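If you want the building blocks of each chain, they are given just below.
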Amino acid sequence: MENETTKDPDLRSSEVTEGTERAPHRAMFRAMGYDDEDLSSPMVGIANPAADITPCNVHLDEVAESAYEGIDESGGMPIEFGTITVSDAISMGTEGMKASLISREMIADSVELVSFAERMDGLVTIGGCDKNMPGMMMASIRTDLPSVFLYGGSIMPGDHDGREVTIQNVFEGVGAVAQGEMSEEELDEMERHACPGAGSCGGMFTANTMASISEALGFAPLGSAAPPAEEWSRYTVARESGELAVEVVQEQRRPSDFLSEASFENAIALQVAIGGSTNAVLHLLAMAAEADVDLDIEDFNRISARTPKIADFQPGGERVMNDLHEVGGVPVVLQALHDADLVDGDALTVTGNTIGEELAAMELPTIEELDVEYLRPVEDPFHERGAIRILSGNLAPHGAVIKITGSDHLHHEGPVRVFEEESEAMEYVQEGHVESGDAIVIRNEGPRGGPGMREMLGVTSAVAGQGHAEDVALLTDGRFSGATRGFSIGHVAPEAYVGGPIAALEDGDRITIDIDDLELSIDLSDEEIERRLEARDEPEPNYEGGFLAKYHRDFGSAANGAVTNPAAKWE
């Protein structure tokens, strides 16, 4: 029969390609140029968030094309489809930033939806801007389809006055101008040279952190995160990812086969060793919840306590992802951690091999052999403990997150200045009111209160640009950017909207922050906190309709990853 093929009947796509009754379906495929050979092959979706919204994603059509070729040449039927992205950097400091974390959920939902509707057999999921990465991996976890994650690559650093600069320097330049430390003309010149082309922001900010973590989790082949967006090796990685996607479908190698407690702990170990973004705490908790892997926010402290910080990249240092690429990429760091028994070499990866086997197959230099100032051996680290710390106390009973980018022994005691949302705090900082020893609290910016848990790189960069990165504390139930540095504590939980203690704060209350003791507390009795919370007016949602109202309703706590999927929510 003409309508019979040699397609494996166990492939889900056979539901739309096989049998006489599927002739209309095949007709639709033929209209798009697919032939009999394609229709008898595994159907591999390419989830592509290409857009002119951000340089992080502007080149992803070309990346997807290389993945498409890899799938096609390996005997698969590639089907590319689009999904959304937002630009965190361009929405930063505006009401639009409330959409950023929501985009993670929408990406996961849309990829899950399309692959379910079209009965796809596997996925290549592509990420550019920050929330693309967790959204794509969450979709693969939910569907449990054989999947490969593919990063679009990092932007190269710009050049300003003979030194390398990134978008972080521009944000901090805004604060420097307000302080009179930089002229508007110099800021304008920096602005024009900081971002020289396509790719995700160059430092170890959220995009590069999550791309690195994709290797440690096993979702992406080792060595795939670091090649820059506009280097030929990025497109080699894309083609090889397409080839691997056909293999994982043929072998029925699913995320549930390689994701485990060990793989998530490996991801955390890498995050804290490289000084990765605080946003990865939120995303790893969300991904673990989707995968039904038992991961608690306190696990970050446990792993950070045993894992030293051995890499120094922006925002705390001067180097960027391309510098790591030039010395061997993420596997160099993973090898150092593996040799010190700080990652579990028996954790499986998408290739079917363990991470230990994958590392053993690579010819990697040791950090000692590299002898570069931004990587140190485990025995001689930048800090004995990893960069991520979870603070708790009567101000944050469910935890709060800080990344150590400078001093490892930050301590602060003093009065707080409370702001009800980000723009009030930004105005205060830009008007030059900030002084050493201040503690600025920004509340009502949590997952439900915002809604959307805005990142506040504008505020933190303005403070840092005025020279107060480590002598002014900032606290919020919202988030900070991966490019944030200094004394910035986010994800305070429970958030103000749901009646967390942060909602009880008043100007002048005395706060204690102690990084060594992992303490975040306020000098108030439990009875006084409860009295104030009972006396406050019940907050009203900021939005009554549209997507913001929906996510205000659906978001869970930051302490559990701020997930919206009911099956992934933990009490």
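Since the model is a prediction, treat every value here as computed from it, not as a measurement.

Student: Tell me about the overall build of the protein chain, and name the residues and values.
Tutor: Looking only at helices and strands, the protein chain has 23 helices and 14 strands in total. Since a compact globule built from 571 residues should have a radius of gyration of about 25 Å, the 24 Å found for the protein chain is in line with a globular shape. Counting only C-alpha atoms and orienting by the principal axes, one finds that the protein chain spans roughly 80 × 55 × 45 Å. Residue burial in the protein chain is summarised as follows: out of 571 residues, 63% are buried. At a minimum sequence separation of 6, the contacts of the protein chain that also span at least 24 residues come to 75%. Of the accessible surface of the protein chain, which amounts to about 20,900 Å², a share of 46% is contributed by carbon and sulfur atoms. Each charge sign in the protein chain was given a centre, from 37 positive and 108 negative side chains, and these centres are 5 Å apart.

Student: Could you give an account of helix H8 (residues 167-179), with specific residues and numbers?
Tutor: With 13 residues, H8 extends 19 Å from end C-alpha to end C-alpha; this agrees with the ideal 18 Å at 1.5 Å per step. When H8 is considered as a whole, its buried residues turn out to be Gln-168, Asn-169, Val-170, Phe-171, Glu-172, Gly-173, Gly-175 and Ala-176. If you follow the buried residues of H8, they end up packed against helix H5 (88-91), strand E6 (163-165), helix H9 (184-191), helix H20 (422-430) and helix H21 (457-465). Immediately downstream of H8, the backbone of Gly-180 shows phi near 85°, a positive value.

Student: Give me the lowdown on the pattern of salt bridges, citing residues and values where you can.
Tutor: All chains considered together, the criterion is met by 33 salt bridges. The residue Lys-131 makes a salt bridge to Glu-455 at a minimum N-O spacing of 3.0 Å. Here Lys-131 is found in the loop between strand E3 (122-127) and helix H7 (132-143), whereas its partner Glu-455 is found in the loop between strand E10 (439-442) and H21, with 324 residues between them in sequence. Owing to a relative accessible area of 1%, Lys-131 belongs among the buried residues under this scheme. Overall, the relative accessible area of 1% leaves Glu-455 in the buried class.

Student: Please set out helix H14 (residues 279-291) residue by residue, giving values where relevant.
Tutor: At 3.6 residues per turn, the α-helix brings residues three or four places apart onto the same side. A rise of 1.5 Å per residue sets the reference length of H14, with its 13 residues, at 18 Å; its end C-alpha atoms lie 18 Å apart and thus fit the reference within 8%. With 12 of its 13 residues buried, H14 lies for the most part within the structure. Those residues of H14 that fall on the buried side of the exposure criterion are Asn-279, Ala-280, Val-281, Leu-282, His-283, Leu-284, Leu-285, Ala-286, Met-287, Ala-288, Ala-289 and Glu-290. One or two residues past the end of H14 sits Asp-292, with phi positive at roughly 60°.

Student: Lay out the UniProt feature "binding site: Mg(2+)" (unreviewed entry) in the protein chain with the relevant residues and their values.
Tutor: Look at the UniProt record and you will see "binding site: Mg(2+)" (unreviewed entry) annotated at Asp-88, Asp-130, Lys-131 and Glu-455. Despite a sequence span of 368 residues, these residues sit close together in the fold, their greatest C-alpha distance being 12.0 Å. As for its position among the elements, Asp-130 is in the loop between E3 and H7. Taking relative accessible area as the criterion, Asp-130 reaches 10% and is therefore assigned buried. Once you skip the residues sitting within four places of it in the chain, Asp-130 turns out to touch Asp-88, Thr-206, Ala-207 and Glu-455. Residues contacting Lys-131, with those up to four places away along its chain left out, are Asp-88, Ser-100, Leu-101, Ser-103, Arg-104, Ile-107, His-283, Glu-455 and Arg-479. A distance of 3.2 Å separates polar atoms of two side chains, one belonging to Lys-131 and the other to Ser-100.

Student: Residues and numbers for the environment of Ala-178, please.
Tutor: Topologically, Ala-178 is positioned in helix H8. Judged by its relative accessible area of 36%, Ala-178 falls in the partly exposed class. With 287 residues separating them in the primary sequence, Ala-178 and Gly-465 have C-alpha atoms 8.6 Å apart. Sequence-distant contacts of Ala-178, that is, excluding residues within four places in its chain, are made with Gln-430 and Gln-466.

Student: Explain the sheet that holds E3 to me, using residue names and the numbers behind them.
Tutor: The four strands are arranged E2-E1-E3-E4 in an open sheet whose pairing can be described as parallel. Two strands bound the open sheet, and with one partner strand each, they are strand E2 (77-82) and strand E4 (147-151). The mean angle between the axes of side-by-side strands here comes to 20°, regardless of whether they run parallel or antiparallel. Alignment of strand E1 (residues 43-48) against E3, held across four bridges, turns out to be parallel. Each bridged residue has a counterpart across the sheet, and for Gly-45 the counterpart in E3 is Leu-123. Across the face of the sheet, H7 comes into contact with E1, E3 and E4 while running at roughly 165° to E3.

Quick notes on the rules
Residues numbered from 1 in each chain as written. Predicted model: local features only at pLDDT ≥ 70, side-chain atom pairs only at ≥ 80, totals over all residues. Heavy atoms only, no water. Helix = DSSP H or I, 4+ residues; strand = E, 2+ residues; numbered from the N terminus. Rg over C-alpha atoms; globule rule 2.2 N^0.38 Å. Buried < 20%, exposed > 50% of the residue type's maximum accessible area, 1.4 Å probe, protein only. Contact = heavy atoms within 4.5 Å. Areas by Shrake-Rupley, 256 points an atom, 1.4 Å probe, with all protein chains shown as cover. Lys, Arg positive; Asp, Glu negative; His and termini not counted. Charge placed at Lys NZ, Arg CZ, Asp CG, Glu CD. Expected span 1.5 Å × (residues − 1). Salt bridge = Lys/Arg side-chain N within 4 Å of Asp/Glu carboxyl O. UniProt positions renumbered as here; feature names shortened; annotations may be inferred. Polar contact = N/O pair within 3.5 Å; in protein donor to acceptor, adjacent residues only side chain to side chain. Pairing = 2+ DSSP bridges. Axes fitted to C-alpha atoms, helices over the stretch in contact; angles between N-to-C directions.

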